[in-house]
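Below are the chains, spelled out letter by letter.
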Amino acid sequence: MTIDFTFKIGGEAGQGLQSIGYALSKAFAKGGLYVFLNQDYESRIRGGHTFVQVRVRNEPVYTLSEEVNMLIALNKETIDLHKTELVKGGAIIFDGEKIPIKAEDNCYSVPLEKLALEKGGSKIMINTVATGAAMGMLDYDFNLLADVLSEEFGRKGKDVVESNVKAARAGYDYAKENYRGKYDFTIRPLGSSKRMFLNGSEAIATGAIVAGCKFMAGYPMTPTSLILEFFASKARDYNLVFVQSEDELAAINMVIGAGYAGVRAMTATAGDGFALMVEGLGQAGMTETPIVAVVGQRPGPAVGLPTRTSQADLLFMIGAGNDEFPRAVFTPSTIEDAFWLTIKAFNIAEKYQIPVIILIDQHLADSYRTVDRFDLSKVKIERGEMLSEEQIKAMGPYNYKRHQFTESGVSPRAIPGTPGCLVVTDADEHNEEGHIIEDAETRTKMVLKRLRKFEGVKKEIEPPKIYGPEDAKITLIGWGSTYGAIREAVDTLRKDGIDVNMLYINVVWPFPKDEVSLVLSKAEMSFVIENNATGQLAYLIKSETGREVNEKILKFDGRPFSPTHIVKEVKKKVKG
Amino acid sequence: MVTLKDYEGGPTAWCPGCGNFSILLAVKRALVEMNLEPYQVLIVSGIGQAGKLPHYMRCNTLNALHGRAVPEAIGAKLANHELKVIAVGGDGDGYGEGGNHFMHAILRNIDITYIVHNNQIYGLTKGQASPTSDKGFVTKTTPEGVISLPFNPLALAISLGATFVSRGFAGEVDHLVELIKKAMQHKGFALVDVLQPCVTFNKLNTWEWYRKRVYKLEGTDYDHTNRLTAFQKALEWGDRIPIGIIYKSDRLTFDEQLPTLKKGPLVKQKIDPLACEKILDEFM
């Protein structure tokens, strides 16, 4: 049986919508189903309108769907705003005692507040009752939901777990007894699962810890605060240090200090927070200090729409900083990509002693997905050329040169504090020893030495992947979090007889120019699909390959793409 | 035995007669007297004439951006707390560009020594007002005289709970050596604000101007453990300018309060991906 079922849970900020979405998702994930959860919220703590979408499938899911099967409305506004998104036969679950609406056939009233008070003992349980009710409507296995609630509330004690399970059960029973029969869509577990359920921020923070990042400094900022929080929460168990800095300038400079001292170090911020870090990025380039910076895009310029999604900082990342120095910019497309590219970011940063930027966006940071468990035995730690105490001893006392000229441009590193060696570096132009200079010859040699490292970085980058047949007539090109939406659009378009594939770029710098050029040379028609207003990837492709992308599908309203939207736009151009 | 020769560096680019020379000498002498080897010491400096100091001696050196010596020193200290970390910069660097970092380093009480060459003028950019320039001081950018009040680093530091607040004078090298040693021996954030003439651009606050005014607190009955009188002392400026330890107290340092660092420096911790399976369990 095919399952492709989307819940939309709407209400005000502060009503616990996310916990409903998360509990539903986890219960489905435990039953072996595939889940994608995305969040839409405003820059406020209480009130306003906010929603969470959960899409459940019996096969892998990479993105959201615009078609809603069940609307869980915690306020009237949710019904008014979203009822048109419901598919035929789609259900609305709401509390008829609190939201007075003319009940149509598809409206299923559940006394959420009453049951929460009666069974759970508190109004706080409204969202737990609603979660139970949704599961009851679908006749899903209640025990799986009970397991999730036990895990989630376990830390708060047995009583809290019990009252939540009771509240969920009350909602479940009410919905099942009153509405099963009238509403007959069913979701059943597919079996037990060994999959994880996590979001992009968690994947990156986990990737960093796995990669041996020991130090993180940051100033909280949507959409990457969770990366900081997650890292901080693991400090005690994994020997990490997190510092909440006074500002973004301090954050990146602390990270440079730690990187200089020989520790893998990272910061995370948003695009406009990164605007403050730019000088630090240059210092990492100049002093050849390995650092990793996660940048979560949100619409700008300046503060823009702080809680929403965007892909308008691509060219900013590639060009940020005064003068020229090598860097890498990774643009992970999925949860898996976010994890593995974070590990790679640390390896590249240390091997080539450069700053590496991991460019994500709110949609990837906040969206959860079921993914196969990461195989940690496949993690490779490559720290690059690092001199041991013995090697330094062999060089003779104080003969080490931090910025020694080499063919690859990479000068072996040493740990400051090692007897018999001094690690000297400077944000000013410097000589091989790291001391400040003014002369033209050394300056020229140093610039070329730094730039030579980029040739090595280029060799480390895997070519971009193609989804679908290699020789398709039409190619859709994307980067970052749009992967899922474009991928599903390709599936749909191919089913509809349109010969299309997807070219996916998850490392935008160094730019994979040969591969992109080759794909474009084969395609009869090409589209870029980007969450910005000017088509920054198209610009980059033109400047790097000389090739023009034919069409741009752009969206810059702060909301993520849906596959349906892409399919519609492609068809407009292809059919006429 | 460590000697001054161990710390001997290359030629300087400072003006003849600059106060920086005696600060450099005092730093070197303090390190020698503490019997520290150059490899055990890290100097993180900012931008300005003061920021060049570590280049003219021998030690681990991270010459950072303008105003950012303190956060870079913090990062390095937390990565390897076995290093003796000194941050060095000028008044513009530390009290202007890096003012926010200065305040928060004090609040954290991170265990580093911060030496500020305070010449009340911008030297590297050739003679503009600095945060510590006296009100009314005429410079290229303040032709009508400085309008703002001068930044008072000592009073600010005491008000924020700094645990070691001191002022030295480039004309009193022996005294400055002792101050730097005490600052480095102090556990916590230690400020050494050093009055220093800029012989090229500051024609007001000259060697003679300072010599007439400074007096040593050592040998007087001044009690540097009383925060209220210390605050009063920090406000003393004009005909008489006190030098010495203005305030000293004890409080746990930031690094001491991080449970992780009790297991040794971060830089010595092993990287073990397989030890992270438990994190993945949480997502199951």
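What counts, and where the lines are drawn
Residues numbered from 1 in each chain as written. Chains lettered and ligands numbered in written order. Predicted model: local features only at pLDDT ≥ 70, side-chain atom pairs only at ≥ 80, totals over all residues. Helix = DSSP H or I, 4+ residues; strand = E, 2+ residues; numbered from the N terminus. Rg over C-alpha atoms; globule rule 2.2 N^0.38 Å. Buried ≥ 20, exposed ≤ 12 C-beta atoms within 10 Å, placed from the backbone. Contact = placed C-beta atoms within 7 Å. Nonpolar A, V, L, I, M, F, W, Y, C, P; charged D, E, K, R; others polar. Pairing = 2+ DSSP bridges. Axes fitted to C-alpha atoms, helices over the stretch in contact; angles between N-to-C directions. Domains from an automatic or database assignment. Expected span 1.5 Å × (residues − 1). Parallel < 35°, antiparallel > 145°, perpendicular 65-115°, else oblique. Left-handed = near helix turned anticlockwise from the far one by under 90°. Right-handed = clockwise from strand over helix to strand, strands pointing away. pLDDT = per-residue confidence, 0-100.

A word on the overall build of chain B. When helices and strands are tallied, chain B shows nine helices and ten strands. Against the globule reference of 19 Å for 284 residues, chain B gives a C-alpha radius of gyration of 20 Å, in line with a compact fold. Taking the principal axes of the C-alpha coordinates as reference, chain B spans close to 70 × 45 × 40 Å. The proportion of buried residues among the 284 residues of chain B is 52%. Nonlocal contacts in chain B, meaning residues at least 24 apart in sequence, comprise 71% of its contacts between residues at least 6 apart.

When helices and strands are counted, chain A shows 20 helices and 21 strands. Computed over its C-alpha atoms, the radius of gyration of chain A comes to 26 Å, within 12% of the 25 Å expected for a compact globule of 576 residues. With the C-alpha coordinates of chain A rotated into their principal frame, the extents come out at 85 × 60 × 40 Å. A separation of at least 24 residues holds for 73% of the contacts in chain A among residues at least 6 apart in sequence.

This paragraph deals with the interface of chain A and chain B. Every contact between the two is made by 58 residues of chain A and, on the other side, 47 residues of chain B. The element contributing the most residues to the side of chain A that touches chain B is helix 10 (residues 248-260) of chain A, with nine residues. Within the side of chain A that touches chain B, the residues separate by chemical class into 34 nonpolar, 15 polar and nine charged.

Residue and element names in this part refer to chain A. Overall, mixed pairing links the five strands, which are arranged 16-18-17-20-21 in an open sheet. Each end of this open sheet is capped by a strand with a single partner; those strands are strand 16 (465-467) and strand 21 (551-554). The mean angle between the axes of side-by-side strands here comes to 25°, regardless of whether they run parallel or antiparallel. Pairing between strand 16 and strand 18 (residues 500-505): three bridges, direction antiparallel. Bridge pairing links lysine 465 to tyrosine 504 in strand 18. Contacting strand 17 (474-479), strand 20 (525-530) and strand 21, helix 19 (residues 536-545) runs over the sheet at an angle of about 130° to strand 20.

The next point concerns the environment of alanine 489 of chain A. Residue and element names in this part refer to chain A. Position of alanine 489 among the secondary structure elements: in helix 17 (residues 483-495). Along the chain, alanine 489 and alanine 284 lie 205 residues apart, while their C-alpha atoms are 40 Å from each other. When sequence neighbours within four positions are dropped, the list of residues in contact with alanine 489 reads Leu476, Pro563, Ile566, Val567 and Val570.

Another point: the domain arrangement of chain A. All names here are of chain A. Split into domains, chain A comes out as domain 1 (4-193), domain 2 (198-378), domain 3 (389-460) and domain 4 (465-574). In this structure, domain 2 and domain 3 have C-alpha centres spaced 25 Å apart. Of the residues lining the interface, 15 residues belong to domain 2; the matching set on domain 3 comes to 15 residues. Those elements that provide at least two residues to the side of domain 2 that touches domain 3 are helix 11 (271-287) and helix 13 (335-352). The element best represented in the side of domain 2 that touches domain 3 is helix 11, accounting for three residues. A class-by-class count of the residues in the side of domain 2 that touches domain 3 yields nine nonpolar, four polar and two charged.

Before going further, it helps to spend a moment on helix 1 (residues 17-30) of chain A. All names here are of chain A. Here helix 1 spans 20 Å end to end across 14 residues, near enough to the 20 Å set by a 1.5 Å rise per residue. Counted residue by residue, helix 1 has twelve buried out of 14 residues, so it is predominantly covered. Turning to helix 1, its buried residues are Leu17, Ile20, Gly21, Tyr22, Ala23, Leu24, Ser25, Lys26, Ala27, Phe28, Ala29 and Lys30. Where helix 1 ends, the next residue or the one after it, glycine 32, has phi of about 80°, a positive value.

Attention now moves to helix 6 (residues 173-185) of chain B. Residue and element names in this part refer to chain B. Taking 1.5 Å of rise per residue, 13 residues should cover 18 Å, and helix 6 covers 18 Å from first to last C-alpha, within 8% of that figure. Here helix 6 has its buried residues at Leu176, Val177, Glu178, Leu179, Ile180, Ala183 and Met184. Where helix 6 is buried, its residues touch helix 1 (20-33), strand 3 (84-90), strand 4 (113-118), strand 7 (164-169) and strand 8 (190-195).

Spatial strand order, 15(A)-2(B)-1(B)-3(B)-4(B)-8(B)-7(B)-10(B)-9(B): nine strands in an open sheet with mixed pairing. Edge positions in the sheet fall to strand 15 (424-426) of chain A together with strand 9 (214-216) of chain B, since each has one partner strand and no second. Ignoring which end each strand starts from, the neighbouring axes of this sheet average 20° apart. Taken together, the five bridges between strand 3 of chain B and strand 4 of chain B define a ladder with parallel strand orientation. Paired with valine 88 of chain B across the bridge in strand 4 of chain B is isoleucine 115 of chain B. The strands touched by helix 6 of chain B are strand 3, strand 4, strand 7, strand 8, strand 9 and strand 10 (241-248) of chain B; relative to strand 7 of chain B, the strand with the most contacts, the crossing angle is about 160°.

As for its position among the elements, glutamate 162 of chain A is in helix 6 (residues 158-179). Separated by 13 residues in sequence, glutamate 162 of chain A and leucine 149 of chain A have C-alpha atoms that sit 8.9 Å apart.

This paragraph deals with the packing of helix 10 of chain A against helix 2 (residues 69-79) of chain B. Closest axis-to-axis distance for the helix 10 of chain A/helix 2 of chain B pair is 6 Å, and the angle between their directions is 45°. If you check the angle between helix 10 of chain A and helix 2 of chain B, you find them oblique. Between helix 10 of chain A and helix 2 of chain B the crossing geometry is right-handed. Seen from helix 10 of chain A, the contacting residues are Ala250, Asn253, Met254, Val255, Ile256, Gly257, Ala258 and Tyr260 of chain A; seen from helix 2 of chain B, they are Pro71, Glu72, Ala73, Ile74, Gly75, Ala76, Leu78 and Ala79 of chain B.

We now examine the pairing of strand 11 (residues 291-297) of chain A. Residues and elements named next belong to chain A. With respect to burial, strand 11 is a largely interior element, seven of its seven residues being buried. Bridging between strand 10 (residues 265-270) and strand 11 involves five bridges; their strand directions are parallel. Paired with threonine 269 across the strands is valine 295, a residue of strand 11. Considered for its hand, the β-α-β crossover made up of strand 10, helix 11 and strand 11 is right-handed. Pairing between strand 11 and strand 13 (residues 355-361): seven bridges, direction parallel. The residue bridging alanine 293 from the neighbouring strand is isoleucine 357, located in strand 13.

Looking at the secondary structure, you find leucine 240 of chain A in the loop between helix 9 (235-238) and strand 9 (241-244). In this structure leucine 240 of chain A comes out as buried when scored by C-beta crowding, with 22 C-beta atoms within 10 Å. In sequence terms leucine 240 of chain A and cysteine 213 of chain A are 27 residues apart; their C-alpha atoms lie 7.7 Å from each other. Once residues within four sequence positions are removed from consideration, leucine 240 of chain A is found in contact with Ile209, Lys214, Phe231, Lys234 and Ala235 of chain A together with Thr260 of chain B.

Turning to the pairing of strand 7 (residues 195-199) of chain A, a few remarks are in order. Consecutive residues of a regular strand have side chains that alternate between opposite faces of the sheet. Residues and elements named next belong to chain A. With four of its five residues buried, strand 7 lies for the most part within the structure. For strand 7 and strand 14 (residues 368-372), the ladder comprises five bridges, and the chain directions are antiparallel. In the strand pairing of strand 14, asparagine 199 is matched with tyrosine 368.

Looking at chain B as a whole, the pLDDT averages 97, with 100% of positions reaching at least 70. Overall fold confidence (pTM) sits at 0.97, and the ipTM for the predicted complex is 0.98.

The description of two helices packed together rests on the angle between their axes and the distance between the axes. Residues and elements named next belong to chain A. It is at 8 Å that the axes of helix 7 (residues 200-210) and helix 8 (residues 225-233) come closest, and there the two elements cross at 45°. As the angle between them shows, helix 7 and helix 8 are arranged oblique. In terms of crossing hand, the pair formed by helix 7 and helix 8 is right-handed. Contacts between helix 7 and helix 8 involve Ser201, Glu202, Ile204, Ala205, Ala208 and Ile209 from the former and Leu226, Ile227, Phe230 and Phe231 from the latter. Grouping the amino acids of the contact of helix 7 with helix 8 by side-chain chemistry returns eight nonpolar, one polar and one charged.

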